Structure formats: structure tokens, C-alpha cells
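# A closer look at the structure
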Amino acid sequence: MHLLWYLILSAFFVPLILGFFATAVWGRMYQPADQPGGIVFHLVNNTSRWGVSYYPVNKFEKFIEILHRKGIVSRTLAESARIKESDKNSHLPLFCITFDDGFEDFYHYVLPVLEKFNVKVTLFPIVSYIGTTAAWDVFPSRAHLSKAQLREIADKGHEIGSHSLTHPDLTMLNQRDLERELTESRLILEDIIGRKVISLSFPYGRWNSRVWNTARHSGYSIASLYGRQRKLGNNIFPMKGAYAFDSVDRLVEKAENSLFNSPTTAQAVIMPHFAKGSTVWKFRKEYEFFH
């Protein structure tokens, strides 16, 4: 019993402690900028019970149903960016739902819900893991979407963006490796879906001006940022994470962005530290501290 509690507490606190350490060394968390954002999901199904980024499919469907009833429209990142650019004085609410990593569960559990309510989202697969299983995370491996599934998802009107080639901390790569992660992932995705890929989701929510400038030179014009930060570049959309312990009502609060100083807001600032902890936990030999 003591061993079980030790394992549970270690799984919870180790990534968080490492995340705070990584943030102290490599960057700070900030309050959100006044611009469009949304909710980012990672793994949605009815079988997982491990990891804070899992969300049950029954709660996900209820969340989508409430948004539909409230008239909150989810747009792809590309569509939101077009609206934002075409009418800078528009007060049209811009809200996005995105999915990082590209797990196969999206096809089996999420897609039917999206079709039921005619909701469009942006999906960010990790390109090297398309059609295989994950080896980049601290949690057990799961299957990723296949090429055929990605094509079908794109054909249904959902946007496909890049979550990099291998899911590294982009800020810690040298310029050659950074360009490879960004350019090759985009070109491979474009070959798979037969469409332009212009959106990027920063792995672990880690970015800086060098990463964003390189991304723009590599063909991207929009980015999704997991974690609420200020000093954002143009067309970088801050996203709040969906977590296993989020109630449907709390997730709706995040979507409406109705509470500034609240437990919901505090959680949105604290939880991305877990992702930064994974960067340390899965440290790579090609990482560099200074560029």
C-alpha cells in the first residue's frame, strides 16, 4: 500500500516539480494576452485512467453539447486567423478547439461527437509517430492516427496542423534541427492530406522569437500555444488545457473565459508546468541550453 501511494504521488509531483524547475531555467508563465484562444485536448476516450491530460468521452460530448446550446462556435485556427486578419475591429467571438499529439482515439471517440454537433477543430499530429505508437511521453505508449485516418479527418473539414516531427522542446534545438522539425513535418503532412499546412502547435508549449521566426520562414503563419502567456506574437493563439479532473462546468468556464481571478484561471497557469516537466524527464542528447 505504501509503495502504491509512493508511485501515485511520484507520478503527480515529479512532473510538476520538474516543470517549475524547467520554467525557472528556461522561461516564465504569464497572464494571457487579450486575443482569441480556446481549449486544447490531448487524449479523449472511455478507457484511460492515467495522466492528467486524459478526458472522458462522455464528459467531452456533454461539453460540446453545452457549447452548441450556448451558441459558442468552434472554428479552426486557420479560419479564426482569417477572420482576425480581415476585420481587425470585429467583435465576433473567436474560439478554437484543438487536439495535440494525434492519438488514434480521436478517430474512434472524438470524431463521431464532432460530426453529431457539426463542430470543426484543428488536429496537431506528431508526424514521426503517424501510424505507430508513442515513445516520446513519460506515460505508456498509445497508438497514433494513420495516414488514411488523417486524410479522412481532413476531408471532413477539420484542419490538420503540425505538432513537430518528434515532439522535442523546440527552444533547445540548434538551428539545423529546428528547421528540420518544422519543415519536414509540414511537408510530410501536406503530402498525406493533399492540403497546405499553415498551423503549428509548440510541443510542451515551449517557444521563443527564434522558434517563431523559423516557423514563419518554414511556411507556418499560425501557432497554437498550450499555456497562457503574454508577449505573444501575431497569430499565436493561447489555449487552455482540458484535464482529467476538470468538470464539464469548469471546462465551459475556460471556454467562455469568464473568470479572471479564480481557481480555473490559476489552474490554467499552473498545469502547463507538467508538460515542461516532461521536457526534463525525457531529456534528449541533442538539446542545447544556449543558442
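## Considerations on the overall build of the chain
Within the chain one finds 10 helices and 9 strands. In the chain, the proportion of contacts linking residues at least 24 apart, taken out of those at least 6 apart, comes to 70%. Looking at the chain as shown, the accessible area adds up to about 13,500 Å², and 56% of this sits on carbon and sulfur atoms.

## Re the confidence of the model for the chain
Residues of the chain with pLDDT of at least 70 account for 68%, and the chain-wide mean is 80. Segment residues 18-34 is flagged for pLDDT under 50; beyond a separation of four residues in sequence, or across chains, it makes 45 contacts in the model.

## Some points on the packing of helix H2 (residues 57-70) against helix H8 (residues 248-256)
Running from N to C, H2 and H8 point in directions that differ by 45°, and their axes come no closer than 10 Å. Accordingly, the angle class assigned to the pair H2 and H8 is oblique. The handedness of the crossing between H2 and H8 comes out as right-handed. Of the residues in H8, those in contact with Lys59, Lys62, Phe63, Ile66, Leu67 and Lys70 of H2 are Val248, Leu251, Val252, Ala255 and Glu256.

## Remarks on the nonpolar core
Core analysis: the biggest nonpolar cluster contains 53 residues, and Phe41, Phe60, Phe63, Ile97, Phe99, Phe106 and Phe202 have the highest contact counts within it. In this structure, Phe60 is in contact with Phe41, Val44, Tyr55, Phe99, Val110, Val113 and Leu114, ignoring residues within four places of it in sequence.

## Quick word on the pairing of strand S5 (residues 122-125)
Covered by surrounding structure in S5 are Thr122 and Phe124 together with Leu123 and Pro125, the residues of both alternating faces. With 4 bridges connecting them, strand S4 (residues 95-101) and S5 associate as parallel partners. Residue Thr98 lies in a different strand from S5, and its bridge partner there is Thr122. A crossover links S4 with its parallel partner S5, the connecting element being helix H4 (residues 105-117), and its sense is right-handed.

## Quick word on the packing of aromatic side chains
One pass over the full model with this rule turns up 9 aromatic pairs. Aromatic side chains Phe202 and Trp207 sit 5.8 Å apart centroid to centroid with 25° between the ring planes, which places their arrangement in the stacked category. There is no split in this pair, since Phe202 and Trp207 are both buried. Ring plane angle 75° and centroid distance 6.3 Å describe the contact between Phe202 and Trp212, whose orientation is recorded as edge-to-face. Of this pair, Phe202 sits in the loop between strand S7 (199-201) and helix H7 (209-217) while Trp212 sits in helix H7; the two residues are 10 residues apart in sequence, bridging distant segments of the chain.

## Some words on helix H6 (residues 175-193)
The end-to-end C-alpha distance of H6, which contains 19 residues, comes to 27 Å, matching closely the 27 Å that a straight helix rising 1.5 Å per residue would cover. Here H6 has its buried residues at Asp177, Leu178, Glu181, Leu182, Ser185, Arg186, Leu189, Glu190, Ile192 and Ile193. Those residues of H6 that are buried are in contact with S5, helix H5 (147-155), strand S6 (159-160), S7 and H7. Put simply, Asn174 is the residue that caps the front of H6, since its side-chain oxygen is 3.2 Å from the backbone nitrogen of Arg176. One or two steps after H6, the chain reaches Gly194, where phi turns positive at roughly 70°.

## What about the side chain of Thr122?
Examined against the element boundaries, Thr122 turns out to sit in strand S5. Among the polar contacts made by the side chain of Thr122, one reaches the main-chain amide nitrogen of Leu77 at a distance of 3.0 Å. Apart from residues no more than four positions distant in its own chain, Thr122 is found in contact with Thr76, Leu77, Ile97, Thr98, Phe99, Glu159 and Gly161.

## A look at the pattern of salt bridges
Per the stated rule, a full pass over the model turns up 12 salt bridges. Ionic pairing is found between Arg180 and Glu184, a salt bridge with its closest N-O pair at 3.6 Å. Remark: Glu184 and Arg180 occur in helix H6; sequence separation between them is 4 residues, near one turn of the helix. Each of Glu115, Glu152 and Lys156 takes part in one network of salt bridges that share partners.

Definitions and limits used
- Residues numbered from 1 in each chain as written.
- Predicted model: local features only at pLDDT ≥ 70, side-chain atom pairs only at ≥ 80, totals over all residues.
- Heavy atoms only, no water.
- Helix = DSSP H or I, 4+ residues; strand = E, 2+ residues; numbered from the N terminus.
- Contact = heavy atoms within 4.5 Å.
- Areas by Shrake-Rupley, 256 points an atom, 1.4 Å probe, with all protein chains shown as cover.
- pLDDT = per-residue confidence, 0-100.
- Axes fitted to C-alpha atoms, helices over the stretch in contact; angles between N-to-C directions.
- Parallel < 35°, antiparallel > 145°, perpendicular 65-115°, else oblique.
- Left-handed = near helix turned anticlockwise from the far one by under 90°.
- Core = buried A, V, L, I, M, F, W, Y, C linked by side-chain atoms within 4.5 Å.
- Buried < 20%, exposed > 50% of the residue type's maximum accessible area, 1.4 Å probe, protein only.
- Pairing = 2+ DSSP bridges.
- Right-handed = clockwise from strand over helix to strand, strands pointing away.
- Phe/Tyr/Trp six-rings, centres within 6.5 Å; stacked < 30°, edge-to-face > 60°.
- Expected span 1.5 Å × (residues − 1).
- Polar contact = N/O pair within 3.5 Å; in protein donor to acceptor, adjacent residues only side chain to side chain.
- Salt bridge = Lys/Arg side-chain N within 4 Å of Asp/Glu carboxyl O.

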